[in-house]
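Fold and contact review
Residues per chain are reported as follows:
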Amino acid sequence: MDEADLELVNDWLTRAHQDLRAALILAAAEDAPLDVAIYHCQQAGEKAVKAYLQWRDEPFAKTHNLRALVIQAATLDKGFDALEKPAEILTPYVSAFRYPGGAVESMPTREEFNEALQHAQTIYDFVVNLLPAAVRP
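1. A short note on the nonpolar core
- By size, the foremost hydrophobic cluster in this structure holds 38 residues, and its most contacted members are Leu 13, Cys 41, Val 49, Phe 80, Leu 90 and Phe 113.
- For this core, the secondary structure elements donating two or more residues are α1 (3–28), α2 (34–55), α3 (66–74), α4 (84–90) and α5 (110–130).
- If we skip the residues at most four places from it in the chain, Leu 90 touches Cys 41, Gln 42, Leu 66, Ala 116, His 119, Ala 120 and Ile 123.

Structure representation (structure tokens):
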């Protein structure tokens, strides 16, 4: 893998890490915007899996479907099989609360956010542990 590819993997992981940080910061705010925070959970998982696929030089579709990305990654490492359910839970958060039309009651609860954050952290940690220190943020 050349230097440019290593930098791209690092960039994906760095952005995933920043999404996790953003989710935590937003969730800690008074009157926390959990709809925005939960979106960052989905993004963290998605970007982490894309980092892994990039590391493996595995082309992936331009998609926000985290479950599909995890299924693709599982063809390369069976450990991703355990992440399919968390990815399935996170996938809808890419758009569920981001656009008008939903009732205020449909906003995520603190419990729903906490579950999403745990899933995102699990996916991120799993990927980081597969990759060498040289590409980690």
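2. A look at α2
- The terminal C-alpha atoms of α2 lie 32 Å apart, and with 22 residues this matches the ideal 32 Å at 1.5 Å per residue to within 8%.
- Of all 22 residues that make up α2, 19 are buried, and the element is covered over most of its length.
- Taken from the residues just after α2, Asp 57 is the one with a positive phi, measuring 60°.

3. Let's talk about the packing of aromatic side chains
- Overall, the coordinates contain four aromatic pairs when judged by the stated rule.
- Where Trp 12 meets Phe 60, the ring centres are 6.0 Å apart and the plane angle is 70°; that geometry is what we call edge-to-face. Residue Trp 12 is located in helix α1, and its partner Phe 60 is located in the loop between α2 and α3; the two are separated by 48 residues in the primary sequence.
- With 6.0 Å between their ring centres and 20° between their planes, Tyr 93 and Phe 97 make a pair best called stacked.
- Site record: aromatic cluster; members linked through ring pairs are Tyr 52, Phe 80 and Phe 126.
- The lysine or arginine in question, Arg 98, covers the ring of Tyr 39, its NZ or CZ lying 3.7 Å from the ring centre.

Cut-offs applied
- Residues numbered from 1 in each chain as written.
- Predicted model: local features only at pLDDT ≥ 70, side-chain atom pairs only at ≥ 80, totals over all residues.
- Heavy atoms only, no water.
- Core = buried A, V, L, I, M, F, W, Y, C linked by side-chain atoms within 4.5 Å.
- Buried < 20%, exposed > 50% of the residue type's maximum accessible area, 1.4 Å probe, protein only.
- Helix = DSSP H or I, 4+ residues; strand = E, 2+ residues; numbered from the N terminus.
- Contact = heavy atoms within 4.5 Å.
- Expected span 1.5 Å × (residues − 1).
- Phe/Tyr/Trp six-rings, centres within 6.5 Å; stacked < 30°, edge-to-face > 60°.
- Lys NZ or Arg CZ within 6 Å of the ring centre and 35° of its normal.

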